[in-house]
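Okay, here's what each chain looks like letter by letter:
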Amino acid sequence: MSKIIIHGGFFSESSTNAETKVAKQNALERIVKSSYEFLKTHSAVETVVFAVSLLEDDELFNAGIGSQIQSDGKIRMSAAIMDGETQKMSGVINIEDVKNPIQVAQVLMSEDDRVLGGSGATNYARQHGFEKFSTEIPQRRTEYEAKLKSLGTGTVGCVALDDNNKLAVATSTGGKGFELVGRISDSATVAGNYANEFCGVSLTGVGEDIVSNATAAKIVTRVTDGFSLDKAFEKTFAELLPYDGFAGAIAIDNKGNIFHQDSHPSMVFASYDGVNFEVFG
């Protein structure tokens, strides 16, 4: 019953071209299918880390390599994991100079203090063998120097259901670009990354909108309380409307249903269950 869905932020027709769209479709297909193969012999928790690491390593997406540059010229990233079975969530907020923030979050799973921020997160990474690594690419520096603000809609994520019917979710972001130093994204909060035994959800979009709506936690709670996955999405996304909230979400429930929705066009995503493959169009 293994199933997986991933997202890579939003695709804006006005700021990216057809070539980039095809490149993202191809990258998502490669990553979701290789992650599905991994899932066949690994747990959901291990798989979401594997998938998000691949997304962090691809400069097409705003997480890990290719992360946005903040207002002071530095890159700070956030990432989190949640195990639907144990209800443990771990994460890093505004970590610097690490190739794969999601892997630092994975190590934190074994700690009593499981969410670290800023220099504490970076120091923890160094103490646990994560070498200093610059995730800046020339494109981001050019954007920064030209003061071209992004839409702030670049986050990556994965939800997986393994053969033991266990759910897990992981989310990672390189920020929205040019944000105030110290700004907290939704990715390492229960608004952007949440799972329990019934459902797992990962978000992308404008972090402030997602946090205001507690989006991931609401969807999971509603499924837990008996809503179908699509109805949980419908009600939760309707609650974004009063302030034109910008969000996209991917999810899997413990019945194997896969769902995705965005409030504005178009979230880039791909899902696979060994037979059925879907990618954003």
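Residues numbered from 1 in each chain as written. Predicted model: local features only at pLDDT ≥ 70, side-chain atom pairs only at ≥ 80, totals over all residues. Heavy atoms only, no water.

Going by the annotation in an unreviewed UniProt entry, the name recorded for the protein chain is L-asparaginase, with Flavobacterium swingsii given as the source organism.

**Re the sheet that holds strand E4 (residues 115–117)**
Note the cut-off: Here, a strand pair is defined by DSSP locating no fewer than two bridges between the strands. Strands are runs of DSSP state E lasting at least 2 residues, helices are runs of H or I lasting at least 4, and numbering of each runs from the N terminus. Angles here are taken between N-to-C directions and fall from 0 to 180 degrees, while the axes themselves are lines fitted to C-alpha atoms, restricted in helices to the stretch in contact. In what follows, residue pairs with any heavy atoms lying within 4.5 Å of each other are defined as contacts.
Read across the sheet, eight strands follow the order E4-E3-E2-E6-E5-E1-E11-E12 without closing on themselves; strand pairing throughout is mixed. Of all the strands in the sheet, the pair left with one neighbour each is E4 and strand E12 (277–279). Here the strands of the sheet are splayed against their neighbours by 5° on average, with no regard to which way each runs. Relative to E4, strand E3 (residues 89–95) is paired through three bridges, and the arrangement is parallel. In the strand pairing of E4, Val92 is matched with Leu116. Contacts from helix H1 (residues 18–39) reach strand E1 (3–10), strand E5 (155–161), strand E11 (267–272) and E12, with the element oriented near 150° to E1.

**Quick word on the UniProt feature "active site" (unreviewed entry) in the protein chain**
Our working rule: UniProt positions are given in the numbering used here, feature names are shortened, and annotations may be inferred rather than shown by experiment. Exposure classes here rest on a 1.4 Å probe applied to the protein chains alone. A residue is buried below 20% of its type maximum, exposed above 50%, and partly exposed in between.
UniProt tags Thr155 as "active site" (unreviewed entry). With respect to the helices and strands, the residue Thr155 is situated in strand E5. For Thr155, a relative accessible area of 3% gives the class buried. Ignoring sequence-local partners within four residues, the contact set of Thr155 consists of His7, Gly8, Gly9, Asn62, Thr171, Ser172, Thr173, Ser187, Leu203 and Thr204.

**What to know about the packing of aromatic side chains**
Just so we agree on the cut-off: Here a Phe, Tyr or Trp ring, Trp counted by its six-membered ring, pairs with any other such ring whose centre lies within 6.5 Å, and the pair is stacked when the planes are under 30 degrees apart, edge-to-face when over 60, and tilted otherwise. Over a ring means this: the NZ of a Lys or the CZ of an Arg is within 6 Å of the ring centre and within 35 degrees of the ring normal.
In this structure the tally under the stated criterion is eight aromatic pairs. Considering the side-chain rings of Phe38 and Phe50, the 4.1 Å spacing of their centres and the 5° angle between planes classify their relative orientation as stacked. A residue pair is termed long-range when its members are at least 10 positions apart, and Phe38 in helix H1 and Phe50 in helix H2 (residues 44–56) qualify at twelve residues. Considering the side-chain rings of Tyr272 and Phe277, the 6.4 Å spacing of their centres and the 70° angle between planes classify their relative orientation as edge-to-face. Residue classification places Phe277 among the partly exposed positions, given a relative accessible area of 30%. Positioned above the aromatic ring of Phe277, the side-chain terminus of Lys33 is 4.7 Å from the ring centre.

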